[in-house]
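Okay, here's what each chain looks like letter by letter:
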Amino acid sequence: MRITFILAAAALSGCAVHLKTDNVQHNIAVTQSEEWTLAKAQHAIDTNYIAPFKAGKVEQWLEIFDKDAIGLHNRMPAMEGKEGLRGFGRFVAQNLDVTAMSVKLTGLRQEGDLAYSWGTYRSSLIMRSNGLQMPGHSGEGKVFFVWKKQADKSWKIAADMGNDLPAPNGN
């Protein structure tokens, strides 16, 4: 009965179970649903986008993006493909301290192999050259992600768009 409960719980949570019986370990892979949910998207953003971005791990951060991804951010030209995103990531890693960053996704819609999520972000970007907040960055705004299901059933960001809310002082 206990084994059945463990397997059922794993199936519901979409994870792998390592079961040990008679001193033999069994790895039981439980396939995840193909549905892309708000909770899964939030976890992917927290773990595979924000954490490596804050740590300056550009190549790790790029892993969440589809090969043809597009980045659309405030007052910047479109960043096309991983090379365009890599340039942005390197600039941030070399010149800014990301002292705070969070994204709260508030909605998601899936249509076949594409999904759309949106929400808000907060961030603090400090210029290493002078210790001041990056000019023109209000520190909060809106985000919109387009997700694309990959051949291996994982989901990657195909478009990453964010725009600042107006700064409190109107700048």
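The residue numbers shown here count from 1 along each chain, following its written sequence. Where totals are concerned, whole chains, interfaces and linings use all residues; where local detail is concerned, this predicted model gives features only for residues with pLDDT of at least 70, and gives and counts side-chain atom pairs only at 80 or more. The side-chain quantities take in all heavy atoms of the structure and omit both hydrogens and water.

1. What about the pairing of strand β8 (residues 155-164)?
The criterion, for reference: A pair of strands is considered paired only if DSSP assigns at least 2 bridges between the two. Each helix is a run of DSSP H or I of at least 4 residues and each strand a run of E of at least 2, with the numbering of both proceeding from the N terminus.
As defined by bridge partners, strand β3 (residues 65-73) adjoins β8 across 5 bridges and the pair is classed as parallel. Directly across from His73, in β8, lies its bridge partner Gly162. Where strand β7 (residues 140-149) meets β8, 9 bridges bridge the pair, whose relative direction is antiparallel. The residue of β8 that forms the bridge with Trp147 is Ile157. In this structure, the hairpin formed by β7 and β8 is closed by a connection of 5 residues, where Lys153 is found at a positive phi of approximately 80°.

2. Things to note about the pattern of salt bridges
What counts is decided by this rule: We count a salt bridge whenever a side-chain nitrogen from Lys or Arg sits within 4 Å of a carboxyl oxygen from Asp or Glu.
This model, assessed by the stated rule, comprises 8 salt bridges. Arg128 serves as the salt-bridge partner of Asp97, at 2.8 Å between the closest nitrogen and oxygen. With Asp97 in strand β5 (residues 96-111) and Arg128 in the loop between β6 (114-127) and β7, the pair connects residues that are 31 residues apart, well separated along the chain. Counted as one network, the salt bridges with shared partners bring together Glu59, Glu83, Arg86 and Arg90.

3. What about the environment of Leu38?
Operational definition: Contacts are assigned to residue pairs that have any heavy atoms within 4.5 Å of one another.
Position of Leu38 relative to the elements: it lies in helix α2 (residues 38-54). In sequence terms Leu38 and Ser117 are 79 residues apart; their C-alpha atoms lie 7.5 Å from each other. Those residues in contact with Leu38 that sit more than four places away from it in its chain are Leu105, Thr106, Gly107 and Leu108.

4. Some thoughts on the pairing of β7
The sheet contact formed by β6 and β7 spans 9 bridges and is antiparallel. Note on β7: the bridge partner recorded for Gly119 is Val143.

5. Some remarks on the side chain of Asp160
Rules: The cut-offs for exposure are 20% and 50% of the maximum accessible area for each residue type, with area from a 1.4 Å probe on protein chains only; residues under the lower value are buried, those over the upper are exposed, and the others partly exposed. When charges are counted, neither His nor the chain ends are considered; positive counts come from Lys and Arg and negative counts from Asp and Glu. Each polar contact in these results corresponds to two N or O atoms within 3.5 Å; when the atoms are within protein, one needs to be able to donate a hydrogen and the other to accept it, and residues that are neighboring in sequence are counted only if both atoms are side-chain atoms.
Along the polypeptide, Asp160 turns up in strand β8. Of the side chains with opposite charge, Lys82 comes closest to the buried, unpaired Asp160, at an N-O distance of 13 Å. A distance of 2.6 Å separates polar atoms of two side chains, one belonging to Asp160 and the other to Tyr49. One polar contact links Asp160 to His73, side chain to side chain, over a distance of 3.4 Å. Those residues in contact with Asp160, other than ones at most four positions away along the chain, are Tyr49, Phe65, Ile70, Gly71, Leu72, His73, Phe144 and Phe145.

Keep in mind these values describe shape, not function.
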